[in-house]
Amino acid sequence: MELAPSPDLVAQRLVAPERPAAAPSEREQAFADLARLATAVLGAPIALIALVDDGPPLLCASAGLDRDDASAYLSFCTFAIQRGEACELADLDVEPQLADHPLVAFGSPLGDGSRVRSLAAAPLCDRDGRTLGVLCVLDDVPRRLGEEQRRGLLALARQAAQRIELDRRERELAEQRAALARARAEALTSARAKDVFLANMGHELRTPLNAILGCAELLREEATAAGLGQLLPDIQTVDRSGRHLVAVIEDILDLARLEAGVPQLRREPVAVAPLAEEMEAAVRPQLRGRPLRWRLALEPGLGDISTDATKLRQILLNLLSNAIKFTAGGEVELAVRLVREGDREFVAFRVADTGIGIAADKLSLLFRDFSQVHDRRHNFGGTGLGLAISRRFARLLGGDIVVDSELGRGSRFTLLLPRA
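Residues numbered from 1 in each chain as written. Predicted model: local features only at pLDDT ≥ 70, side-chain atom pairs only at ≥ 80, totals over all residues. Heavy atoms only, no water.

1. As for the overall build of the protein
The condition that has to hold: Numbering of helices and strands runs from the N terminus, with a helix taken as a DSSP run of H or I at least four residues long and a strand as a DSSP run of E at least two residues long. Partly exposed residues are those whose accessible area sits between 20% and 50% of the maximum for their type, while under 20% is buried and over 50% is exposed, using a 1.4 Å probe and protein chains only. By definition, residues are in contact when any of their heavy atoms lie within 4.5 Å. Where accessible areas are quoted, they stem from the Shrake-Rupley method and a 1.4 Å probe; at the residue level, only the protein chains shown are allowed to cover.
A count of helices and strands for the protein gives 10 helices and 12 strands. Across the 420 residues that make up the protein, the buried fraction comes to 41%. Residue pairs at least 24 apart in sequence account for 68% of intrachain contacts in the protein once pairs closer than 6 positions are excluded. Accessible surface computed for the protein: about 23,300 Å², of which carbon and sulfur atoms make up 54%.

2. A word on the packing of helix α8 (residues 272–287) against helix α9 (residues 309–325)
Quick reminder of the rule: The axes used here are C-alpha line fits, helices contributing only the stretch in contact, and every angle between their N-to-C directions lies in the interval 0 to 180 degrees. Any angle between 65 and 115 degrees counts as roughly perpendicular, while under 35 counts as roughly parallel, over 145 as roughly antiparallel, and the rest as oblique. Throughout, a crossing is termed right-handed when the near helix is turned clockwise from the far one, and left-handed when it is turned anticlockwise from it by less than a right angle.
Packing of α8 against α9 leaves a shortest axis separation of 10 Å and a crossing angle of 40 degrees. Between α8 and α9, the angle falls in the class oblique. Note on packing geometry: the crossing formed by α8 with α9 is right-handed. When α8 is examined against α9, the residues Leu275, Glu278, Met279, Ala282, Val283, Gln286 and Leu287 are found in contact with a partner set consisting of Leu312, Arg313, Leu316, Leu317, Leu320, Ser321 and Ile324.

3. Remarks on the environment of Ile235
Examined against the element boundaries, Ile235 turns out to sit in helix α7 (residues 232–260). As a C-alpha pair, Ile235 and Arg220 span 15 residues in sequence and 6.5 Å in three-dimensional space. Excluding its chain neighbours within four sequence positions, the residues that come into contact with Ile235 are Ala216, Leu219, Arg220 and Ala223.

4. Brief notes about the sheet that holds strand β4 (residues 118–125)
We count it as follows: We treat two strands as partners when DSSP finds at least two bridges between them.
Read from one edge of the open sheet, 5 strands run β2-β1-β5-β4-β3, paired in antiparallel fashion. Either end of the sheet is taken by a strand with one partner, and the two such strands are β2 (58–63) and β3 (87–89). Strand-to-strand twist of the sheet, defined as the mean angle between neighbouring strand axes without regard to direction, takes the value 15 degrees. The strands that helix α2 (residues 26–42) touches are β1 (46–51), β2 and β5 (131–139); relative to β1, the one it contacts most, it runs at about 140 degrees. Strands β1, β2, β3, β4 and β5 of the sheet are contacted by helix α4 (residues 74–83), whose axis makes an angle of about 125 degrees with β5.

5. Re the pattern of salt bridges
Under the convention used in this document: Salt-bridge detection follows one rule: a side-chain nitrogen of Lys or Arg within 4 Å of a carboxyl oxygen of Asp or Glu.
What the rule picks out here adds up to 25 salt bridges. Measuring nitrogen to oxygen at the nearest pair gives 2.4 Å for the salt bridge that ties Arg220 to Glu217. With a gap of 3 residues between them, Arg220 and Glu217 both fall in helix α6 (residues 147–225), about one helical turn apart. The shortest N-O distance in the salt bridge between Lys311 and Asp308 comes to 3.9 Å.

6. Notes on the packing of aromatic side chains
Heads up, the condition is: By convention, a stacked pair of Phe, Tyr or Trp rings (six-membered ring in the case of Trp) has centres within 6.5 Å and planes under 30 degrees apart, an edge-to-face pair has planes over 60 apart, and any other such pair is tilted. A ring is scored as having a charge over it whenever the NZ atom of a lysine or the CZ atom of an arginine sits within 6 Å of its centre and within 35 degrees of its normal.
For the structure on display, the rule yields 1 aromatic pair. Between Tyr73 and Phe76, the ring centres sit 6.4 Å apart and the planes meet at 35 degrees, which makes this aromatic pair tilted. Summarising the burial analysis for this pair, Tyr73 and Phe76 share the class buried. Directly above the ring of Phe393 sits Lys311, whose terminal nitrogen or CZ lies 5.4 Å from the centroid.

7. Looking at the sheet that holds strand β9 (residues 330–341)
Strand order in the open sheet formed by 5 strands is β7-β9-β10-β12-β11, and the pairing between neighbours is mixed. Strands at the two margins of the open sheet, each flanked by one partner only, are β7 (292–298) and β11 (400–406). Strand-to-strand twist across the sheet, computed as the mean angle between neighbouring axes with direction ignored, equals 15 degrees. Pairing of β11 with strand β12 (residues 410–418), which is carried by 7 bridges, proceeds in the antiparallel orientation. Bridging across to β12, Asp400 finds its partner in Leu416. Packed onto the sheet, α8 meets β7, β9 and β10 (344–353) and runs at close to 175 degrees relative to β7. Lying over the sheet, helix α10 (residues 386–396) contacts β11 and β12, oriented at roughly 140 degrees with respect to β11.

8. Details of the pairing of β12
For β12, the buried fraction is high: 8 of the 9 residues fall into the buried class. Strand direction decides the pairing type here: β10 and β12, joined by 7 bridges, are antiparallel. Among the inter-strand pairings, Ala348 is bridged to a residue of β12, identified as Leu416. Counted along the chain from β11 to the antiparallel partner β12, the turn is 3 residues long, and its residue Gly408 has a positive phi close to 85 degrees.

9. Quick look at the nonpolar core
Generally speaking, soluble globular proteins have nonpolar side chains that are buried together. Quick note on the threshold: Buried residues of nine kinds, namely Ala, Val, Leu, Ile, Met, Phe, Trp, Tyr and Cys, make up a nonpolar core once their side-chain atoms join them within 4.5 Å.
By size, the foremost hydrophobic cluster in this structure holds 39 residues, and its most contacted members are Ile315, Leu320, Leu334, Val336, Phe349, Phe413 and Leu415. For this core, the elements supplying multiple residues, two or more each, are α8, β7, α9, β9, β10, α10 and β12. Tallying contributions element by element places α9 first for this core, with 8 residues. Dropping the residues within four chain positions of it, Leu415 is found in contact with Leu312, Ile315, Leu316, Leu319, Val347, Ala348, Phe349, Ala394, Asp400 and Ile401.

Quick look at the structure:
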């Protein structure tokens, strides 16, 4: 038979005077509301919520008790946590572990004669079954909970456990946000330092290299005028090495600008045919003295393309320079035509050669930064950045570069750019 709760313990709240306290946090208020709800749902005058955090239980919230008196009841929560499961003790006078408890044997420290006579508790568990704390309700009369009250106790315990889990996730998210903010600040600092370093490197290296190239040009002219032709190969070696270093520096600076998102596009109408013809003049010095045929094939009616002319020239020069470098003899061709894909029109710039070609298993490495697909013993040189940068530029312009190659028979690189 269920016994009605006595009002004796409820009266304790009216005896002790209220003391001013700081406003509770959202978390404290949530647990306090759950404790009060437990007293209402279970018809018990006292409810306690205690939490475990790698140590002894700590009182988190209570209902039906003065703040200073509530700590005296914490041992009931400790007892319930040690049980490790939901429990219901209808008469503490006959419980060996609790019969001698001062609040059971002698009653309230307020001297009002009320004693703790019954206890019901449910553990607060996370998804892995680990105990986070306990919800404990106390009464001053022997009693058993009804079935609805037992379900209510377990439901309130689940809500308290979910609140703890929510708080834990919020703390973890806050820590992650703080860590991300620190990482972003460090990355920005690092990026600024890298930008400063690259800018200084570009200036400090290009200035003396330009001076070296200028001196090499003067030495070439003077050696030619003085009839000292035997010095020209050495002078040409200095000139080639200097120009190679300038190209390396420019590639690294371009890559850094791309990674930093710095490149700005300056789109404008560009006449396709004149630009393609301009490429022939640009690569003519590389063709000089080599058994290579140059072929330019332009489809009629190419018209204009809306793009960044500087970056388009840079892509085509890179593709043509590679074609010439890897073709000992035969032909290098630049073919330009219009293609349609659905309702969009593209300009296709195809650079074809009859050079050494690329093995099929190496094609996937072509556009990786600092990647070399040819045997280094052949000493072709280069940084392995040209194609990677060219593809990034192509994609910035809304297009792409595709490649088709056969080892020993040559390669065909096609730059596709939207016309508008």
